[in-house]
Amino acid sequence: MDDRTLLDHYALRALGETFASAATRRDFARFETLWTHDAVWDLGDPFKVRYEGREAIAEGSRRLLSRWNFFAQMPHAFDAEIRGDTARGYWTVHTLFSDQEGFGGRTSIALYLDEMVRTPEGWRFAVRRLRTLYSASRTLEGGVGKHYVHVATYLSNMAALAA
């Protein structure tokens, strides 16, 4: 792998990791910057939701995450096919989330199928398709909601200090 390909692979990996981090921290301003203006975010089953355009994606993420008291996405395996200023990426992600009451929760393993483009600001998602491989109901016990609020507040305060 030559130096440029290695740097691109690193930048693409960072894009996916930043996506998961921004969603988990509910950093919607950061989340919105990860997309091209005409991007598509397609959340297949069980969500069956598709957003088109950066602003619609940002608003859709706010609506989705407002349904859950706890949300954490953990990206795992990543692979990319880079062709100049375009790339296809493949992510395996593990996601945990629970409803506002903290009683109902889900765990899922999914595959993200991505199309990314190099822009003047760096690599951005042009298309992101989520395909759930495994999903199960799960009660998330242990006061997750209470602790999560503190973690989210802490991370938000840290982000504000860094700005």
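This structure is a prediction, so every number in the text was calculated from the model and none was measured. (Residues numbered from 1 in each chain as written. Predicted model: local features only at pLDDT ≥ 70, side-chain atom pairs only at ≥ 80, totals over all residues. Heavy atoms only, no water.)

### Some details on the sheet that holds strand β3 (residues 68-83)
Two orientations exist for strands paired in a sheet by backbone hydrogen bonds: parallel and antiparallel. For clarity, the cut-off: When DSSP locates at least two bridges between a pair of strands, those strands are taken to pair. By definition, any uninterrupted DSSP run of H or I lasting at least four residues is a helix, any uninterrupted run of E lasting at least two residues is a strand, and each is numbered from the N terminus. For helices, the fitted axis covers only the stretch in contact; all axes are lines through C-alpha atoms, and the angles between them, taken along N-to-C directions, range from 0 to 180 degrees. Whether two residues are in contact is decided by their heavy atoms, any of which lying within 4.5 Å being enough.
Spatial ordering of the open sheet is given by β2-β1-β6-β5-β4-β3, a layout of 6 strands whose pairing is mixed. Two strands close off the open sheet at either side, each with one partner strand: β2 (49-52) and β3. Sheet twist, expressed as the mean angle between neighbouring strand axes with direction ignored, is 15°. Both strand β1 (residues 35-43) and strand β6 (residues 122-137) contribute to a ladder of 5 bridges, which runs parallel. When the sheet's bridge partners are listed, Leu43 is paired in β6 with Leu130. Its contacts with the sheet place helix α1 (residues 3-25) against β1, β3, β4 (86-99), β5 (105-119) and β6, and it is angled at close to 165° to β3. Helix α3 (residues 54-66) rests against β1, β2 and β3 of the sheet, and its axis sits at about 40° to β1.

### Topic: the environment of Trp91
Looking at the secondary structure, you find Trp91 in strand β4. Taking C-alpha positions, Trp91 is 6.7 Å from His76, a pair spaced 15 residues apart along the chain.

### Concerning the pattern of salt bridges
Which entries qualify depends on this criterion: Any carboxyl oxygen of Asp or Glu within 4 Å of a side-chain nitrogen of Lys or Arg constitutes a salt bridge here.
Overall, the coordinates contain 13 salt bridges when judged by the stated rule. Between Arg118 and Asp8 there is a salt bridge whose closest N-O contact spans 2.9 Å. Of this pair, Arg118 sits in strand β5 while Asp8 sits in helix α1, and the two are 110 residues apart along the sequence. Across the pair Glu115 and Arg129 runs a salt bridge, and its minimum N-O distance is 3.1 Å. You can see Glu115 sitting in strand β5 and its partner Arg129 sitting in strand β6, a full 14 residues away along the chain.

### Concerning the side chain of Asp8
Let me state the cut-off plainly: Only protein chains enter the calculation, and the probe is 1.4 Å; a residue is then buried if its accessible area is under 20% of its type maximum, exposed if over 50%, and partly exposed in between.
Judged by its relative accessible area of 7%, Asp8 falls in the buried class. Ignoring any residue separated from it by four or fewer positions in sequence, one finds Asp8 in contact with Ile82, Gly84, Arg118 and Trp123.

### With respect to the packing of aromatic side chains
What counts is decided by this rule: The aromatic pairing rule takes the rings of Phe, Tyr and Trp, using the six-membered ring of Trp, and pairs them if the centres are within 6.5 Å, calling planes under 30 degrees apart stacked, those over 60 edge-to-face and the rest tilted. Here, a charge over a ring means that NZ of Lys or CZ of Arg falls within 6 Å of the ring centre while also lying within 35 degrees of the ring normal.
Scanning the model with the defined rule gives 13 aromatic pairs in all. Their ring planes at 75° and their centres at 5.5 Å tell us that Phe19 and Tyr112 sit as a pair that is edge-to-face. Residue Phe19 is found in helix α1, and its partner Tyr112 is found in strand β5; the two are separated by 93 residues along the sequence. In this structure Phe19 comes out as buried when scored by relative accessible area, which is 2%. Classification of Tyr112 by relative accessible area gives buried; the value is 2%. Between Phe31 and Trp35 the ring centres are 5.9 Å apart and the planes differ by 55°, which places this aromatic pair in the tilted class. Across this residue pair, the class does not change: Phe31 and Trp35 are buried. Among the aromatic residues, those joined into a cluster by ring pairs are Phe19, Phe31, Trp35, Trp41, Tyr51, Tyr112 and Phe125. Over the aromatic face of Phe19 sits the side chain of Arg128, whose NZ or CZ is 4.2 Å from the ring centroid. The ring of Tyr112 has Arg128 sitting right over it, with the charged end atom 3.7 Å from the ring centre.

### Details of the nonpolar core
Which entries qualify depends on this criterion: Put simply, buried Ala, Val, Leu, Ile, Met, Phe, Trp, Tyr and Cys residues joined by side-chain atoms within 4.5 Å make one nonpolar core.
Counting residues in each nonpolar core, the largest one holds 30 residues, and the members touching the most others are Phe19, Phe31, Trp35, Trp41 and Tyr112. Secondary structure elements with two or more residues in this core: α1, α2 (28-32), β1, α3, β3, β4, β5 and β6. Of all the elements, α1 adds the most residues to this core, at 5 residues.

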